[in-house]
Amino acid sequence: MSRLDFLHVVGARPNFPKAAPVLSALAVRGATQRLVHTGQHYDDSLSESFFRDLGIRHPDANLNIGSGSHAAQTAALLVALEEEMLAHPPKAVVVYGDVNSTLAATLVASKLQFPIAHVEAGLRSGDRAMPEEVNRIVTDALAASLLTTSNDATENLIREGHGIESIAMVGNTMIDSLLRLRPRFDSSLPSMIENRHAGYLVVTIHRPVNVDSARSASRVVRVLAELAEETHLVFPVHPRGRRNLESAGLASIPNLTLTNPLPYLEFMGLVESSLGVVTDSGGVQEETTVLGVPCFTLRTTTERPVTVSVGTNSLVSLESVVSTVSATLANGLGPYAIPPLWDGNAGLRAANVLQNLVGVPAELSATESNNG
Ligand code: UD1
């Protein structure tokens, strides 16, 4: 039996819209693929609903890793992924983004000497206190093929000493998913809210730095209460911050609608019709850019500086967010641009790069080197 072409590893919510276009572009070309879900995210609202909305095929394996400390979760991922890759050796392993499942799959593939392709390589916040930054640095250090979403990411990789031949700027595969599904965004929640309020802001806050301690969660809740005095807020709450935010009084803020995490089509419908988004997420900074919705990123750094330079995103602090939001809502967003190659065809370009990584038949490469 010939060897599997690609083993793709996904595990957490932000992976799914990035992987969907790559999986389908490679399927059309007849590549043999195995899709492994680590089970890092296991709630329907963070996982299964995304598979349904994005039309991703059922994973070939679910490792059911679940939650734990970073060490416990990563250790469990390493053991289960090693078994998986030994049982189904691929020509290459494809990993996405910067979550713990990405890091673990990279370490395992590297030790087993499978070439690794990293989709969304080269993003850097410069802040190693973020677990995702550590995951990005290690993944890129070990990957053979680095597929970037923006020129700044390519430049980061070159600065770190990666050879230009290992880097391909393919654009943003997550934006492929957004553009493909935009006609199906669900606007029932926005219509319901707009019937009762003059517009609304979406809030998503779940970074450890903002929600993991009681003190930071209560500072966040105080600022949200202030924002809600001006504009209605809709906050789909990630399980990570729920307890601390609720203990700090989130549910008693007037003029705020709380929901569970939303499926992809509902969340994108909510964002598309909003006045703006206050977030500490990574992907939302990019989605708002393409939708032309103002984004206020509650962080001191961003690994996605292109979203700031094109004019849709601004970094804000807990001290500055209220005044920045009111100034933007009063004056409007101003001119903005869409970054290069965020055009709906990134999955096709990624598939070209991936096919080149595995696609040259052994006989042909041997002949070429004999002739060379
Ligand atoms: C992970 C990613 C983060 C991404 C986020 C999006 C890493 C290091 N971080 O963070 O980059 O922005 O996903 O969602 O991988 N939980 C549930 N149900 C689930 C999954 C998690 O209740 O289906 C709870 C866990 O019990 C835990 C918390 O959420 O308390 C954190 O889960 P975890 O997978 O460790 O990381 P996230 O914070 O979700």
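Definitions and limits used
Residues numbered from 1 in each chain as written. Predicted model: local features only at pLDDT ≥ 70, side-chain atom pairs only at ≥ 80, totals over all residues. Heavy atoms only, no water. 1 Å grid on protein atoms, 1.4 Å probe; cavity = no way out; pocket = protein on both sides within 12 Å on 5 of 7 lines; lining within 4 Å. Points joined across faces, edges and corners; volume = space filled by probe spheres on them. Helix = DSSP H or I, 4+ residues; strand = E, 2+ residues; numbered from the N terminus. Salt bridge = Lys/Arg side-chain N within 4 Å of Asp/Glu carboxyl O. Buried < 20%, exposed > 50% of the residue type's maximum accessible area, 1.4 Å probe, protein only. Near = heavy atom within 4 Å. Polar contact = N/O pair within 3.5 Å; in protein donor to acceptor, adjacent residues only side chain to side chain. Sits in = over half its atoms within 2 Å of the grid points. Nonpolar A, V, L, I, M, F, W, Y, C, P; charged D, E, K, R; others polar. pLDDT = per-residue confidence, 0-100. Contact = heavy atoms within 4.5 Å. Axes fitted to C-alpha atoms, helices over the stretch in contact; angles between N-to-C directions. Parallel < 35°, antiparallel > 145°, perpendicular 65-115°, else oblique. Core = buried A, V, L, I, M, F, W, Y, C linked by side-chain atoms within 4.5 Å. Pairing = 2+ DSSP bridges.

Looking now at the layout of surface pockets. Taken as a whole, the largest pocket holds about 1100 Å³ of empty space. Considering the residues around the largest pocket, the lining is formed by 49 residues, among which R13, P14, H41, H206 and H238 are closest to the centre. The dominant element in the lining of the largest pocket, judged by the number of residues it contributes, is helix α5 (residues 131–142), at four residues. Within this model, the second largest pocket holds a volume of roughly 370 Å³. Along its surface, the second largest pocket is lined by 18 residues, and V209, N210, L298, R299 and T300 are the ones closest to its centre. For the lining of the second largest pocket, the secondary-structure elements that each account for two or more residues are α5, α9 (208–211) and α10 (214–230). Top element by residues in the lining of the second largest pocket is α9. It accounts for three residues.

Applying the stated criterion across every chain, the model contains 20 salt bridges. For R240, the salt bridge is made with D212, and the minimal N-O distance between the two is 2.9 Å. On the criterion of sequence distance, the pair formed by R240 in helix α11 (residues 239–247) and D212 in the loop between α9 and α10 is long-range, its members being 28 residues apart. A residue is classified by how much of its surface remains accessible, and R240, at 42% relative accessible area, is partly exposed.

This part is about the site of the ligand. Around the ligand there are 19 residues in total, and H41, Y42, D43, E132 and R240 lie nearest to it. Between the ligand and the protein, one listed contact pairs an oxygen atom with a backbone N or O atom of D43 at 2.8 Å. Take N100: an N or O atom from its main chain is 2.9 Å from an oxygen atom of the ligand. Judged by the proximity of its atoms to the pocket grid, the ligand belongs to the largest pocket. Taken together, the elements giving at least two residues each to the shell around the ligand come down to α3 (70–87), α5 and α11. Across the shell around the ligand, the residue classes tally to five nonpolar, nine polar and five charged.

Take the confidence of the model for the chain next. Confidence along the chain averages 95 in pLDDT terms, with 96% of residues attaining 70 or more. At the low end of the mean pLDDT range in the chain sits helix α17 (residues 362–371), at 39; at the high end sits strand β5 (residues 116–121), at 99. In this model, residues 360–372 is a region of pLDDT below 50 whose contacts with residues beyond four sequence positions or in other chains number two contacts.

Our focus in this paragraph is the packing of helix α7 (residues 173–181) against helix α12 (residues 264–272). Between α7 and α12, the least distance of the axes is 11 Å, while the angle of their chain directions is 80°. By the angle between their directions, the pair α7 and α12 is classed as roughly perpendicular. Of α12, the residues touching α7 (which contributes M174, S177, L178 and L181) are Y264, L265 and M268. A per-class count over the contact of α7 with α12 returns six nonpolar, one polar and no charged.

Take the nonpolar core next. Ranked by internal contacts, the top residues of the largest apolar core, which has 53 residues, are F6, L54, I56, F185, Y264 and L270. When neighbours within four sequence positions are excluded, I56 is seen to be in contact with F16, A20, L23, L35 and F51. Residues V203, V211, A228 and L233 belong to the second largest nonpolar core, which totals 26 residues.

Pairing within the open sheet is parallel, and its seven strands lie in the order β3-β2-β1-β4-β5-β6-β7. Where the open sheet ends on each side, the last strands, each with one partner, are β3 (61–62) and β7 (167–169). Examined bridge by bridge, strand β2 (residues 33–37) and β3 share two bridges and lie parallel to one another. Following the sheet pairing, H37 is matched in β3 by N62. Against the sheet, helix α1 (residues 15–28) engages β1 (4–10), β2, β4 (90–96) and β5, with an angle of about 165° to β1.

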